[in-house]
Amino acid sequence: MESGMGVRSKLLFNNTHMLSVADAIGAGDGVVDSKSLQDRLGLGQSAVQRILVALEGVGLMERLERQTRTEPIRFQRVTHPFWGAAQELAHA
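## Some thoughts on the overall build of the chain
No. 1: Of the regular secondary structure elements, the chain holds 5 helices and 3 strands.
No. 2: For the chain, the C-alpha radius of gyration of 13 Å lies close to 12 Å, the compact-globule estimate for 92 residues.
No. 3: Expressed as lengths along the three principal axes of its C-alpha atoms, the size of the chain is roughly 40 × 25 × 20 Å.
No. 4: Relative to its full complement of 92 residues, the chain shows a buried share of 35%.
No. 5: Across the chain, the fraction of contacts at a sequence separation of at least 24, relative to all contacts at a separation of at least 6, is 44%.
No. 6: Accessible surface, the chain: about 5,500 Å² in total, of which carbon and sulfur atoms supply 52%.

## Focus: the packing of helix H2 (residues 18-27) against helix H3 (residues 34-41)
No. 1: Packing of H2 against H3 leaves a shortest axis separation of 11 Å and a crossing angle of 110°. One way to sum up the angle between H2 and H3 is to call them roughly perpendicular. The element H2 and its partner H3 pack so that their crossing is right-handed. Of the residues in H3, those touching H2 at Ser20, Val21, Ala24 and Ile25 are Leu37, Arg40 and Leu41.
No. 2: Looking at side-chain class alone, the contact of H2 with H3 contains 5 nonpolar, 1 polar and 1 charged residues.

Cut-off values and rules
Residues numbered from 1 in each chain as written. Predicted model: local features only at pLDDT ≥ 70, side-chain atom pairs only at ≥ 80, totals over all residues. Heavy atoms only, no water. Helix = DSSP H or I, 4+ residues; strand = E, 2+ residues; numbered from the N terminus. Rg over C-alpha atoms; globule rule 2.2 N^0.38 Å. Buried < 20%, exposed > 50% of the residue type's maximum accessible area, 1.4 Å probe, protein only. Contact = heavy atoms within 4.5 Å. Areas by Shrake-Rupley, 256 points an atom, 1.4 Å probe, with all protein chains shown as cover. Axes fitted to C-alpha atoms, helices over the stretch in contact; angles between N-to-C directions. Parallel < 35°, antiparallel > 145°, perpendicular 65-115°, else oblique. Left-handed = near helix turned anticlockwise from the far one by under 90°. Nonpolar A, V, L, I, M, F, W, Y, C, P; charged D, E, K, R; others polar.

Right under this line is the structure:
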């Protein structure tokens, strides 16, 4: 992650990784799980999970039902202008 994105993210969201996670979610197909984001971004589980739960809490992500207990918890992106704005901010 470039330092400029982390600084902007910290100033805007009080979280250094919010913009990089939101950028990855916005650029993807709309369904994500914590492990795939961790691997793609090189972040720890707690950082990614905290952001996913926060995005779910404000209605930007919806948790999908799991078929088995061993299946990763997946989230579906909700259509919202936030995703485009986050991508623009991430690459500003």
